[in-house]
Amino acid sequence: MSRYIIRRLLLLAVTMLVTSLIIFGLTQVIPGDVAQLILGREAGEQALADFRAEFGLDDPLPVQYVNWLGGFVTGDWGRSFTSGNPAVRPLVMERLGNSMRLATMTLIISVPVSILLGVLAALWEDSWLDNLISVLSLSVVGLPEFVTGLLLINGIALGIKSLGLPATSSVPDGTLEDWIRQLILPSLTATFVLLGYIARLTRAGVLDELKKPYVRTATLKGLPYRAVIFKHVLRNALLPTITVIALSVGWLIGGLVVIENVYNYPGLGALMVDAVKQKNLLMLQAIVMVTIFFFALANLVADLLYAVLNPRIRLE
Amino acid sequence: MNSTIPVIEVNNLSIDYQLGKRWLNAIRDVSLRIDPFEIHGLVGESGSGKSTLALALMRYLAGNARISSGEILLDGENLVPKSEHEMRHIWGKKLSLVPQDPLAALNPSYTIGEQIAEVTRLHEGLSKQQAFSRAVELLAKVKIADPEAVVRRYPHQLSGGMQQRVTIAMALSTQPRLLVLDEPTTALDVTTQAVILDLFRDLIHDNKAAALYVSHDLGAIAQMCDRVTVMYGGEVMASAPVHPLYAAPLHPYTMGLLASIPRPTEGVETRLPTIDGVAPSLAERPSGCVFAPRCPVALPICFDEKPPLEIIDTGRMGKCHRWREIRSGELVMQTAPLEKVAASLPPDDNYVLMAGGVSKRFGSPSLFTRLVGGDSGYVQAVDDVSVRVRARSTLGLVGESGSGKTTLARSIVALEVADDGQMTLLDMPIANTLAGRSQVVLRELQMVFQNPNDTLNPYQTVGEALARTIRRLSSRAMTQTEIRAKVNDLLDEVRLTAEYADRYPAELSGGEKQRVAIARAFATDPALVIADEPTSSLDVSVQAVVLNLLKDLRAREGASYILISHDLAAVSYLADWIAVMYLGQIVEEGDTEDVYQAPSHPYTEALLSAIPAPDPTVQRGNIRLEGDVPSPRNIPSGCRFHTRCPRKIGAICEAQEPPWLDAGDGHRIRCHIPIDELIAMQSTPPDSERNEVSL
Amino acid sequence: MSTLRPGVESKRASRPFYARALLAVVSFFRQLARHPVSLVGTLLVIAFVLLALFGPNIAPHRFDDLIRGAARQSPSLEFPFGTDRLGRDIFSRVLWGAREIIAIPGIATAISVFLGTCVGLFVGYNGGWIDELISRALDSLLSIPALVLALVMLGTIGPSPVGIIIVIVLLYMPIVTRVIRSATLNIRTSGFIEAAKLRGESLPYILFREILPSVLPALTVEAALRFSYAIFLTASLGFLGLGVQPPSPDWGRMVSEARANYARTPWELWFPAGAIALLVIGVNLMADGLRRIFRYEGQV
């Protein structure tokens with residue numbers, strides 16, 4: 001098991017290194033002179049040269065990469081190109097915190113609901129309930145978030161407006177009420193994306209396990225139905241589901257670009273769109289690295305969870 | 001009928017399956033009774049409904065099945081009207097199942113102890129503590145060494161034999177009235193099976209339980225059971241005490257089945273009697289006698305009218321219009337092998353294939369392991385093995401799983417690249433890689449694969465598959481018409497009609513697929529055909545057809561074979577030279593007759609002793625092997641067999657590789673025990689305790 | 001059940017190719033019809049593809065026609081979907097926009113599936129260090145969240161149809177490769193593959209003639225799924241303003257622009273949003289139907 005963990009940690013490091021190269025490479029392709037782009041057409045030669053010197057844009061690419069990576073690892077993420085040149089790290093960290101709040105809320109809503117739906121659909125396979133859940137999850141899962149989001153804001157507006165929910169979400173203050181007020185709509189939107197996926201996976205997992213001979217063994221031991229399901233079937237059937245939930249945390253932290261845009265929520269994804277539009281290189285690189293880190297971390301956690309819960313891997 | 005109340009009595013039970021909107025009859029009008037302390041065998045080929053019946057006996061049905069009529073009496077109480085909820089008080093307590101595939105039948109996420117304790121906690125209200133100590137006792141009872149450690153293990157950490165012991169411990173934990181054993185040894189090697197069968201029989205008797213033993217293996221049934229019921233096409237064909245059933249079968253199906261088993265004593269020139277045709281599927285069962293289409297003595301009435309299940313005499317039932325004629329001797333069924341194979345040229349002294357010093361190891365470490373280190377993980381599958389095949393003869397390669405027999409064969413055809421070794425085919429040296437082999441070599445060396453279900457591409461017709469082989473490998477360019485004609489010839493050779501050329505593999509039965517695979521192998525007129533367990537997944541009656549075919553083709557085409565099998569009986573039917581493999585090495589080789597007689601390598605002796613004879617009057621040998629086959633990652637020092645050898649003589653076996661001993665006529669044995677001593681030992685059994693199981 | 005008595009179906013293989021193809025299509029729809037929801041999905045997809053092909057021909061106006069005096073009209077017989085603040089006919093804009101939302105994901109999916117199949121068959125069949133290397137490389141590509149990679153790439157190469165296609169191919173080709181690789185792994189040790197090796201068949205023959213037919217079910221289902229995700233991504237990029245640039249009528253961008261005017265012209269939002277929803281749902285239901293037909297138990 002310890003070998004397994006070391007192996008996975010090593011893989012995480014390699015992944016981060018490779019992706020950092022990809023990201024750095026990609027951002028270098030930006031056509032045109034970044035200094036010119038940022039400072040505008042009327043900037044003088046001197047101003048351009050100063051800008052390049054300040055941000056190290058004159059150094060050879062490998063030097064730039066090493067400087068950037070070294071700075072990133074030691075916590076110096078540089079300063080933004082944008083006016084006032086604010087430091088990148090505090091801004092990214094603040095947005096990261098916001099994104100994590102949204103992710104937490106989404107998980108609290110989506111995980112229990114989707115697992116319940118998936119299990120019910122599997123236990124009553126081919127019933128009207130199963131078909132309903134299947135069609136609903138098939139239609140909801142594929143809808144872009146801006147469609148479901150706008151549907152929530154506007155379509156159900158009649159009902160929701162009377163609840164006083166804001167169409168744009170801001171960072172909640174500490175109270176539970178404000179958490180719900182600010183985050184319920186974006187979390188629900190994200191839930192729609194996750195719900196179908198997790199529910200279908202859970203359903204498939206449960207159906208898969210129900211076919212296995214050990215379920216028959218458990219039944220023929222004389223165990224009550226609920227013991228067969230809860231103790232024997234779900235113990236194994238939910239393993240892949242748990243993995244996928246862990247994986248989705250990575251997506252929730254960096255991938256809610258569209259939802260944050262729809263609700264004007266100041267998360268990491270919204271910051272990234274701004275950085276792309278402003279060609280704000282250092283900011284973009286930092287956000288992407290953070291996102292990828294969480295994505296890879298989620299991968300790692302998913303694998304470890306799976307291994308811990310599964311004696312066949314744990315005891316290798 | 002005697003007066004004892006049977007443990008279980010099934011009367012006129014019928015079960016239907018729902019397929020789409022139709023209900024198809026799967027089990028028809030079955031009656032069965034099992035008395036206290038009786039081990040009742042239920043035998044049948046695949047699709048006979050034996051497993052469905054066995055589970056239905058426990059009142060356990062698949063979701064799409066229903067009992068359409070009949071009753072199941074457990075100690076006189078009818079189970080049919082009981083709800084599932086009521087059955088849960090009977091399952092595990094009075095009725096227990098020993099399943100077919102123990103690894104799949106145990107929950108992978110709970111320890112052995114938890115899974116056994118669950119039963120006694122549920123039915124006997126034991127505390128967690130008590131249930132665990134009971135689990136330890138039960139494991140000791142099934143002769144598991146170190147039960148305290150095993151209760152804390154997970155199923156995947158145990159060997160197949162151990163897993164099966166666990167399932168029987170679990171089944172016996174509540175002193176059930178009836179045990180249902182559903183093919184419990186099918187997945188095990190023959191030496192392990194022998195140990196498990198002994199153990200099961202003793203445990204069932206010790207626990208004063210009755211048992212239903214389901215199997216396709218007539219040998220295991222003969223050795224295990226007191227009475228036997230034979231099923232075919234969802235119906236009971238015959239039911240009788242074990243001795244008369246094997247000695248004087250009254251049903252044509254039973255007779256055909258028994259006759260089609262290859263026995264080691266048969267000569268090389270005989271053909272096996274076969275049952276023609278294939279078993280009917282659920283949807284197309286005949287309205288008359290279900291066996292009539294394949295019955296050699298069927299009368300017109302057999303096709304029109306279903307015979308009743310009649311009581312013949314005490315405890316004996318049969319379902320045949322002609323059992324009276326058979327019993328009185330008016331109707332003689334020719335069940336002895338009658339046909340002789342067309343006279344074949346005797347093997348000559350030219351060698352088709354010579355392979356010397358072949359070695360193959362697996363498991364190159366992954367990139368990561370190479371970087372981080374860790375165990376090398378090599379598996380030495382074949383270790384310096386030499387074999388020769390004479391022209392027009394058959395070499396039988398025998399061994400249990402992990403012996404390296406398949407790897408050796410695959411190295412010869414270059415599906416695996418041997419790490420070491422020189423091979424010559426028809427006196428030409430041949431490369432170890434496929435890329436290095438000429439078309440001539442590919443043509444002369446063909447292979448028949450084990451699994452009939454993936455041997456043919458599901459998206460190509462039989463004709464396309466054969467034509468492609470002919471076109472690729474034939475020695476001269478052929479026209480479309482010539483190829484077509486050759487395809488038809490080949491189909492005819494394997495006794496299939498020309499219209500099979502247009503069929504897809506999904507439309508063929510397992511035996512037919514294997515016959516097409518044989519036709520494909522002979523499409524190039526090869527000098528040597530390697531057949532890797534060609535019949536291991538076929539039913540006995542179908543196996544006989546395929547074995548006969550191989551024998552006929554050898555005589556007609558003058559080809560040689562390497563036949564790989566774990567089944568010594570099937571091998572002896574075809575092979576004139578046998579090599580026995582254990583953990584990657586040959587431990588004994590010689591003329592078939594010599595190998596079957598003393599002196600033998602102790603491993604060969606154990607293998608022969610472990611085969612359950614399909615005859616209850618033949619006592620099995622009493623040599624049982626200890627423990628499991630060691631992992632090929634970790635090959636024992638000295639003689640590889642010393643960890644399990646019942647005739648180990650001392651430290652020399654652990655320290656030194658044994659020498660080859662010459663037993664005459666090329667018969668060689670790799671052992672430290674001198675030939676004379678082996679002969680002396682093997683003519684008198686080592687001890688007379690028949691049921692000793694040691695671990 | 002698998003055996004057929006002699007005489008039945010034996011003529012099938014000798015039928016000409018087009019007859020077999022026609023039979024296959026008929027049996028496909030017959031099987032789809034068993035699950036009406038899947039049939040509806042497939043018909044929806046067919047309808048949208050027809051729209052993409054002929055939409056501009058049947059549209060009453062060009063997408064950028066500013067109709068004088070017809071700004072902010074609510075849906076009517078003349079303007080079925082209403083008009084926007086500039087007096088453009090929403091119905092026409094949606095029809096014109098169908099082409100891009102189908103063509104870009106369609107082309108990108110086709111390229112991803114083609115490349116993914118070739119690479120997947122090759123590495124799955126060969127195994128060894130090439131497999132290990134390519135699998136690791138694809139893993140790192142997959143370890144970047146899809147939208148993040150898309151944003152970074154479009155930020156650098158600029159938003160254009162070709163750019164979006166490249167992004168989608170880079171994102172989905174590894175996924176297709178994985179699916180095909182694992183399907184290939186399952187059958188590479190089959191007897192019929194080994195028999196082909198023993199006949200000395202070439203690598204392309206084994207990959208495309210022996211293996212490909214068996215992975216076709218997985219491939220078809222995966223292609224449908226990828227198509228759905230590609231539409232999703234294209235629409236989302238359009239919504240974020242990183243899709244096809246104005247003035248061409250991108251459904252995602254139409255929705256995004258319509259948000260500001262929602263209070264006055266809600267139809268400006270509903271019709272393009274509804275079109276996206278219907279298209280995506282249709283493709284998903286079709287993919288599900290395909291999975292049922294092929295009894296494909298792979299990825300959910």
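What you see is a predicted model; the values in this text were computed from it and never measured.

Rules used throughout
Here the residue numbering is sequential within each chain, running from 1 through the sequence in written order. Throughout, the order in which chains and ligands are written sets their labels, letters from A for the former and numbers from 1 for the latter. Whole-chain, interface and lining totals are the exception, using all residues; otherwise, since this is a predicted model, local features are given only for residues with pLDDT of at least 70 and side-chain atom pairs are given and counted only at 80 or more. The side-chain numbers reported here are obtained from all heavy atoms of the structure, hydrogens and water having been left aside. Angular values range over 0 to 180 degrees, each being the angle between N-to-C directions of two axes fitted as lines to C-alpha atoms, with helices fitted over their stretch in contact. Helix numbering and strand numbering both begin at the N terminus, where a helix is a DSSP run of H or I of at least 4 residues and a strand a DSSP run of E of at least 2. Note on convention: the crossing is left-handed when the near helix lies turned anticlockwise from the far helix by less than a right angle, right-handed when the turn is clockwise. Contacts are assigned to residue pairs with any non-hydrogen atoms lying within 4.5 Å of each other. When residue character is reported, Ala, Val, Leu, Ile, Met, Phe, Trp, Tyr, Cys and Pro are called nonpolar, Asp, Glu, Lys and Arg charged, and the others, Gly included, polar. Once two parts are joined, some of their accessible surface, as seen by a 1.4 Å probe, is lost; buried area is that loss totalled over both. In the sections that follow, a salt bridge refers to a side-chain nitrogen of Lys or Arg positioned within 4 Å of a carboxyl oxygen of Asp or Glu. When a residue's accessible area, from a 1.4 Å probe over protein chains only, is under 20% of the maximum for its type it is buried; when over 50% it is exposed; and in between it is partly exposed. Strands qualify as paired when DSSP identifies two bridges or more between them. If you view a crossover with the strands going away from you and the path from the first strand over the helix to the second runs clockwise, you call it right-handed.

Asks: So what's going on with the packing of helix H9 (residues 251–258) of chain C against helix H10 (residues 267–294) of chain C? Which residues, and what values?
Replies: Two packed helices can be described by the angle between their axes and the distance between those axes. Residue and element names in this part refer to chain C. Between H9 and H10, the shortest axis-to-axis distance is 8 Å and the interhelical angle comes to 145°. Of the two possible hands of crossing, H9 and H10 adopt the one that is left-handed. Residues Trp251, Gly252, Met254, Val255 and Ala258 of H9 lie in contact with H10, whose contacting residues are Glu268, Leu269, Pro272, Ala273, Ala275, Ile276 and Leu279. In terms of residue class, the contact of H9 with H10 is built from 10 nonpolar, one polar and one charged.

Asks: Hey, could you go over the interface of chain A and chain C for me, with residue numbers and the actual values?
Replies: Listed as interface residues are 45 residues of chain A and, on the opposing side, 39 residues of chain C. Each partner contributes to the roughly 3,700 Å² buried at the junction of chain A and chain C, and carbon and sulfur atoms together form 77% of this total. Our enumeration of links across chain A and chain C arrives at one salt bridge. Here Arg200(A) and Asp288(C) are joined by a salt bridge, their closest N and O atoms 4.0 Å apart. Among the elements of the structure, helix H1 (2–28), helix H6 (128–142), helix H7 (145–155), helix H9 (176–210), helix H12 (257–263), helix H13 (268–278) and helix H14 (281–309) of chain A are those that each provide at least two residues to the side of chain A that touches chain C.

Asks: Mind laying out the pairing of strand E19 (residues 528–532) of chain B, listing which residues take part and the relevant values?
Replies: Residue and element names in this part refer to chain B. Burial within E19 is extensive, with five of its five residues counted as buried. The side-chain alternation of E19 yields two buried faces, one formed by Leu528, Ile530 and Asp532 and the other by Val529 and Ala531. Bridge analysis of strand E18 (residues 445–448) against E19 gives four bridges, and the strand direction is parallel. Counterpart to Leu445 in the pairing with E19 is Leu528. Pairing of E19 with strand E20 (residues 560–565) involves five bridges; the strand directions are parallel. From the neighbouring strand, Ala531 faces E20, where its bridge partner is Leu563. In this view, the connection linking E19 to its parallel neighbour E20 by way of helix H20 (residues 540–557) has right-handed handedness.

Asks: Which residues make up the pairing of strand E21 (residues 577–582) of chain B, and what values do they have?
Replies: All names here are of chain B. Most of E21 sits inside the fold, with five of its six residues counted as buried. Inspection of the sheet shows strand E15 (residues 394–398) paired to E21 by four bridges, in the parallel sense. Within the sheet, the bridge partner assigned to Leu397 lies in E21 and is Ala579. By the bridge criterion, six bridges tie E21 to strand E22 (residues 585–591) in an arrangement that is antiparallel. Along E22, the bridge assignment pairs Val580 with Glu588. From the end of E21 to the start of E22, which pair antiparallel, there are two residues, and Leu583 there has a positive phi angle of about 45°.

Purely spatial values, then, with no claim about function.
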